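What the coordinates show
Okay, here's what each chain looks like letter by letter:
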Amino acid sequence: MFKTFIAVASCVLALASTSLSAADATAPIVIKFSHVVADDTPKGQGALLFKKLVEQRLGGQVQVEVHPNSSLFGDADELEALRKNEVQLLAPSLAKFEQYTKQLQVFDLPFLFDDLDAVNRFQKRAKGRQLLRSMESNDIVGLAYWHNGMRQFSGPRALRTPKDAAGLAFRIQPSDVIEAQFARIGATSAKIPFAETLAALQSGKVQASENTWSNLYSQKLYTVQPVITESNHGALDYMLVSNPRFWYSIPHATRTQLEAIIDEVTFAVNHAAEEQNRADRERIVATGKTQVVSLSAEERQAWREAMRPVWKQFEPNIGEDILKAAEIVNRKK
Ligand code: LMR
């Protein structure tokens, strides 16, 4: 009798652990939040604030585990893990969803957005919000956009003009748009996971990269990049995502509270990100290890013109309507 009970109980436990349901009334819902950056970055801070607020307000009902720095899953496997419900929250950069939707490629188009405010306006408008839902048929639901910031070029020399980049090998995120951006100007690129970027630059596998100030600083990428060109040439923002079958199985009242916490955390992350990047830029400059050069308005315009064919190349993937909606956010209305 006891043996039968154990056998039945183990079967039930095995089923429960593979189930996508979060609705067991007795056990707390466990949300594993995995990401690839350091704690002291906009995304890292956002994940920790989410954990803190959930534990304050839903302690006992929901537990949050934060796994930073690719310690649980990395670029290569995190989205598949989410689709299998092995992890419940991620915030990959928008460049990393290409396999699941081409529409998000709009965020990687080089020199499309003037600045992070323009990116923010696009994310808040109807077309931007619609993209949060663009991957539901692939078991990925977008809950919010989180800012990191604008990407900067880094490498052995200043990249004031597109010609300056010719012949360099860049580490890039897994994005066909970013690959096309460098191919357009005679550079090569390698799609390398974030966790391996510093080693790839140290070993000389690649000589150059592009990232935000907070990632250049927290991953020590600046220590092996003699010059950073402040190009602000593309967004590196995140989509906070979950598995829709997991997310919608959370009891309604609890999910509503979680969504309210996400709104609060999103507001905090998006207000702090620019300041964090500004501070990390200052920290990099203060080390004296790297020279920082900024593009003039004319230099930036020349880059933008050189990159327009890349926008055209990806327009059929992204959709003309989305591209238009992104272009007009540069006018501040
Ligand atoms: C990168 O791979 O460079 C970034 O997407 C890392 C991150 O999540 O900020």
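Above: the structure in question.
Residues numbered from 1 in each chain as written. Predicted model: local features only at pLDDT ≥ 70, side-chain atom pairs only at ≥ 80, totals over all residues. Heavy atoms only, no water.

Attention shifts here to the environment of F33. Along the polypeptide, F33 turns up in strand β1 (residues 29–34). Through-space distance from the C-alpha of F33 to that of V310 is 34 Å; in sequence the pair is 277 residues apart. Not counting residues up to four positions away in its chain, the partners in contact with F33 are A47, F50, E65, V66, H67, L89, L90, A91, W146 and L240. (Helix = DSSP H or I, 4+ residues; strand = E, 2+ residues; numbered from the N terminus. Contact = heavy atoms within 4.5 Å.)

If you add up the space inside the largest pocket, you get close to 520 Å³. Counting residues per element, the ones that place at least two in the lining of the largest pocket are α4 (116–124), β4 (141–150) and α10 (252–287). When residues of the lining of the largest pocket are assigned to their parent elements, the largest contribution, eight residues, is made by α10. When grouped by side-chain class, the residues that make up the lining of the largest pocket number nine nonpolar, seven polar and seven charged. (1 Å grid on protein atoms, 1.4 Å probe; cavity = no way out; pocket = protein on both sides within 12 Å on 5 of 7 lines; lining within 4 Å. Points joined across faces, edges and corners; volume = space filled by probe spheres on them. Nonpolar A, V, L, I, M, F, W, Y, C, P; charged D, E, K, R; others polar.)

Inspection of every chain in the model, using the stated rule, returns 12 aromatic pairs. Between F33 and W146, the aromatic rings sit 6.1 Å apart at their centres with planes inclined by 40 degrees, giving tilted as the arrangement. Here W146 lies in strand β4 and F33 lies in strand β1, a separation of 113 residues in the sequence. With a relative accessible area of 1%, W146 lands in the buried category. Relative to F170, the ring of F153 has its centre 6.4 Å away and its plane inclined at 65 degrees; by these criteria the two rings are edge-to-face. With F153 in strand β5 (residues 152–155) and F170 in strand β6 (residues 169–172), this residue pair connects regions lying 17 residues apart in the sequence. Taken individually, F153 and F170 each receive the classification buried, so the pair is uniform in this respect. Through successive ring pairs, a cluster of aromatic residues spans F111, F153, F170, F182 and W303. (Phe/Tyr/Trp six-rings, centres within 6.5 Å; stacked < 30°, edge-to-face > 60°. Buried < 20%, exposed > 50% of the residue type's maximum accessible area, 1.4 Å probe, protein only.)

As a further point, take the site of the ligand. Neighbouring the ligand are V36, V37, K43, S93, K96, R171, Q173, F194, N211, N215, L236 and Y238. A distance of 3.3 Å is found between an oxygen atom of the ligand and a side-chain nitrogen or oxygen belonging to S93. Measuring from an oxygen atom of the ligand, one finds a side-chain N or O atom of K96 at 2.7 Å. Calculation on the ligand without its partners gives an accessible area of 270 Å², and the protein chains cover 100% of this total. Placement of the ligand is best described as lying within the largest cavity. Residue composition of the shell around the ligand, grouped by class: five nonpolar, four polar and three charged. (Near = heavy atom within 4 Å. Polar contact = N/O pair within 3.5 Å; in protein donor to acceptor, adjacent residues only side chain to side chain. Areas by Shrake-Rupley, 256 points an atom, 1.4 Å probe, with all protein chains shown as cover. Sits in = over half its atoms within 2 Å of the grid points.)

Next up on the list: the nonpolar core. Among soluble globular proteins, nonpolar side chains are generally buried collectively. Within the largest apolar cluster, 55 residues are counted, with the highest numbers of intra-cluster contacts made by V106, F107, F122 and F170. Counting residues per element, the ones that place at least two in this core are α3 (78–83), α4, β4, β6, α6 (176–184), β10 (235–242), α11 (297–318) and α12 (320–328). Broken down by element, the residue count for this core peaks at six residues, all from α11. A domain split of this core shows at least three residues from each of domain 1 (5–99 + 127–148 + 236–275) and domain 2 (152–234 + 281–328). When residues no more than four places from it in sequence are discounted, the contact partners of F107 are L94, F113, V119, F122, Q123, L131, Y145, R151 and A235. Counting residues in hydrophobic clusters, the runner-up holds 31 residues, among them L89, A91, W247 and I261. (Core = buried A, V, L, I, M, F, W, Y, C linked by side-chain atoms within 4.5 Å. Domains from an automatic or database assignment.)

Taken as a whole, this structure holds 20 salt bridges when the rule is applied. We note a salt bridge from R83 to E80, for which the minimum N-O separation is 2.8 Å. Of the two residues, R83 and E80 are both situated in helix α3; the distance of three residues between them amounts to about one turn of the helix. Relative accessible area serves as the criterion here: at 23%, R83 is assigned to the partly exposed category. With a closest N to O distance of 3.6 Å, D108 and R151 form a salt bridge. A residue pair is termed long-range when its members are at least 10 positions apart, and D108 in the loop between β3 (89–90) and α4 and R151 in the loop between β4 and β5 qualify at 43 residues. Bridged by salt links that share partners, the residues D108, R151 and E210 form one connected network. (Salt bridge = Lys/Arg side-chain N within 4 Å of Asp/Glu carboxyl O.)

Moving on to the sheet that holds strand β7 (residues 188–191). The six strands are arranged β7-β6-β8-β5-β9-β11 in an open sheet whose pairing can be described as mixed. What marks the edges here is a single partner per strand, and that holds for β7 and β11 (291–294). Direction aside, the axes of adjacent strands within the sheet are offset by 25 degrees on average. The sheet contact formed by β6 and β7 spans four bridges and is parallel. Across the sheet, residue I172 finds its bridge partner in β7, namely K191. Sitting on the sheet, α6 is in contact with β5, β6, β7 and β8 (208–211), with an inclination near 160 degrees to β7. (Pairing = 2+ DSSP bridges. Axes fitted to C-alpha atoms, helices over the stretch in contact; angles between N-to-C directions.)

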